[in-house]
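Overview (structure and organization)
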Amino acid sequence: MSLTLTVDGERWRAHLLATVARHPGIVPVAKGNGYGMSVGRLARRAQWLADHAAETGTDVDLLAVGTYDEVEEAASRYAGDLLVLTPWRPFGAALELDDRTARRVVHTVSRPEDLAALRGRHPDARFVLEQLTSMLRHGMTRRDLAAVAEALGPGRGGLGGVAMHLPLNTTSHLGEVSRLVNDVVASGLPTRTVFVSHLTHAELAQLAAAYPDFTVRPRIGTDLWLGDRGALRATATVLDVHEVERGDTFGYRGRTVPKPGHIVVVSGGTAHGIGLEAPTGDQSLKARAATLARGGLDAVGFVRSPFSIDGKQRLFAEPPHMQASMLFVPSGARVPSVGEEIDVRVRFTATDFDRVVVA
Ligand SMILES: *Cc1c(COP(=O)(O)O)cnc(C)c1O
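Since the structure is predicted, the reported quantities are computational estimates derived from the model, not experimental observations.

Section: the domain arrangement of the chain
Looking at the chain, the domain boundaries give domain 1 (9–227) and domain 2 (231–358). Distance from the C-alpha centre of domain 1 to the C-alpha centre of domain 2: 40 Å. Counting residues at the interface gives eleven residues for domain 1 and ten residues for domain 2. When the two sides are added together, the surface that domain 1 and domain 2 hide from each other amounts to roughly 870 Å², 67% of it contributed by carbon and sulfur.

Structure follows, in structure tokens:
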């Protein structure tokens with residue numbers, strides 16, 4: 001009935017422990033759809049990682065969430081501190097935390113005026129200062145840092161470090177990171193802790209060697225939770241099968257079947273994040289030709305789906321529905337039976353599973 005994520009628990013847990021052991025100071029990231037597993041489940045798992053600190057040699061004392069709206073869900077399942085990755089602003093969910101939870105939060109501050117506003121409201125607030133990187137998302141310039149250093153004075157006043165969010169897949173981040181770390185030193189800020197994202201293991205080692213007086217804390221989501229893909233399997237359930245002849249009509253749009261085969265109805269649709277890239281039914285010929293050229297459309301106008309049967313990727317008979325999808329299986333291929341589980345290729349960060357089974 002469901003779109004299911006099945007996790008090989010033993011293998012997954014072994015990967016989590018190994019990843020944490022390899023990254024001293026790691027800050028696990030649990031945000032959004034929880035990388036397909038929910039923020040709550042990941043927060044509970046982060047607590048489990050904290051409980052296994054003796055085994056990994058790494059204390060997991062800080063968990064990152066994406067937004068202030070995610071803080072409560074994580075806070076009720078994880079006992080340590082919570083770093084909010086979205087910068088604090090003087091409005092919205094950031095102002096709605098209850099006092100008890102707020103004491104466990106480490107804020108990200110990306111504008112000097114926000115630091116003044118945050119400390120005006122909560123003099124004891126703990127925070128990291130985000131530096132502007134080549135991403136140009138959020139962050140302070142070196143001039144901003146210097147201004148903040150002056151405003152803070154010699155006392156740390158809740159300052160827990162600086163943070164830099166780096167782009168993915170550039171050849172090397174080290175030049176940019178070095179420049180940013182030098183900005184911290186030049187600013188006179190009384191901190192030697194740097195939170196980084198998206199550095200490779202080798203880059204982290206080089207950074208630690210280059211700046212021995214700095215503590216580098218990697219914020220890691222994907223490589224932690226989804227780093228061992230072999231431990232994860234996404235499946236859909238076959239809900240119905242209909243034999244069809246050429247010319248039979250089917251679907252919301254009353255299309256006709258171009259050749260004999262079977263319509264196979266499976267769980268998983270737009271509500272789960274399935275197949276949003278699928279072209280709509282009334283595509284122009286030109287758009288169809290373009291899709292065909294990219295290999296997404298077969299000769300009779302069906303679009304490739306992420307579902308596969310016996311290792312063969314199958315075509316959507318029509319665009320996915322809210323919670324189910326209709327596939328076309330041409331005659332000659334094995335027809336799956338109702339109740340059978342079939343594989344579905346998904347982007348975990350964009351998929352809402354009905355169930356997550358940790359086996
Ligand atoms: C999401 C996020 C991360 C984690 O990214 P992954 O690619 O999932 O490891 C790290 N830092 C920041 C600021 C983020 O928003």
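Topic: the pairing of strand β16 (residues 324–330)
Counting buried positions over the seven residues of β16 gives six, a clear majority of the element. As judged from the seven bridges shared by strand β13 (residues 261–267) and β16, these two strands associate in the antiparallel manner. The partner of His262 across the bridge, within β16, is Val329. Across two bridges, the pairing between strand β15 (residues 312–316) and β16 is antiparallel.

Some details on the layout of surface pockets
Size it by volume and the largest pocket reaches roughly 840 Å³. Where the lining of the largest pocket is concerned, the elements lending two or more residues are β8 (193–197), α9 (201–210), β9 (215–220) and α10 (222–225). For the lining of the largest pocket, the class distribution of residues is eleven nonpolar, 18 polar and six charged.

Comments concerning the sheet that holds strand β4 (residues 81–84)
Judged by pairing direction, the sheet is parallel, and its eight strands sit side by side in the order β2-β9-β8-β7-β6-β5-β4-β3 without closing on themselves. Looking along the sheet, the strands with just one partner apiece sit at the ends: β2 (27–28) and β3 (62–65). By the bridge criterion, four bridges tie β3 to β4 in an arrangement that is parallel. Its bridge partner being in β4, Leu62 is matched across the sheet by Asp81.

Here's the deal with empty space enclosed by the protein
Inspection of every chain in the model, using the stated rule, returns one cavity of 30 Å³ or more. The calculated volume of the largest cavity comes to roughly 40 Å³. Lining the largest cavity, in full, are Glu130, Thr133, Met135, Leu136, Arg137, His138 and His165. Looking at the lining of the largest cavity residue by residue, the classes come out as two nonpolar, three polar and two charged.

Describing the environment of Gln323
Along the chain, Gln323 falls in the loop between β15 and β16. The exposed category is assigned to Gln323, whose relative accessible area is 55%. Put simply, Gln323 and Leu224 are 99 residues apart on the chain and 29 Å apart in space, counted from C-alpha to C-alpha. Aside from chain neighbours lying at most four places away, what touches Gln323 is Val266, Ser267, Gly268, Gly269, Ala271 and His272.

Considering the site of the ligand
Neighbouring the ligand are Val29, Lys31, Tyr35, Leu85, Arg137, His165, Ser197, His198, Arg219, Ile220, Gly221 and Thr222. The separation between an oxygen atom of the ligand and a polar side-chain atom of Lys31 is 2.7 Å. Between Ser197 and the ligand, the recorded distance is 2.7 Å, taken from a side-chain N or O atom to a nitrogen atom. Alone, the ligand offers 390 Å² of accessible surface; in the complex the protein occludes 89% of this. Judged by the proximity of its atoms to the pocket grid, the ligand belongs to the largest pocket. Here the shell around the ligand is built from residues that sort into four nonpolar, five polar and three charged.

Some remarks on the confidence of the model for the chain
Summarising the model, the chain shows a mean pLDDT of 92, and 92% of its residues fall at 70 or more. Here residues 277–282 is a poorly scored stretch, pLDDT under 50, and it has ten contacts once near neighbours within four places are set aside; other chains count.

Scoring rules and cut-offs
Residues numbered from 1 in each chain as written. Predicted model: local features only at pLDDT ≥ 70, side-chain atom pairs only at ≥ 80, totals over all residues. Heavy atoms only, no water. Domains from an automatic or database assignment. Contact = heavy atoms within 4.5 Å. Buried area = accessible area lost by both parts, 1.4 Å probe. Buried < 20%, exposed > 50% of the residue type's maximum accessible area, 1.4 Å probe, protein only. Helix = DSSP H or I, 4+ residues; strand = E, 2+ residues; numbered from the N terminus. Pairing = 2+ DSSP bridges. 1 Å grid on protein atoms, 1.4 Å probe; cavity = no way out; pocket = protein on both sides within 12 Å on 5 of 7 lines; lining within 4 Å. Points joined across faces, edges and corners; volume = space filled by probe spheres on them. Nonpolar A, V, L, I, M, F, W, Y, C, P; charged D, E, K, R; others polar. Near = heavy atom within 4 Å. Polar contact = N/O pair within 3.5 Å; in protein donor to acceptor, adjacent residues only side chain to side chain. Areas by Shrake-Rupley, 256 points an atom, 1.4 Å probe, with all protein chains shown as cover. Sits in = over half its atoms within 2 Å of the grid points. pLDDT = per-residue confidence, 0-100.

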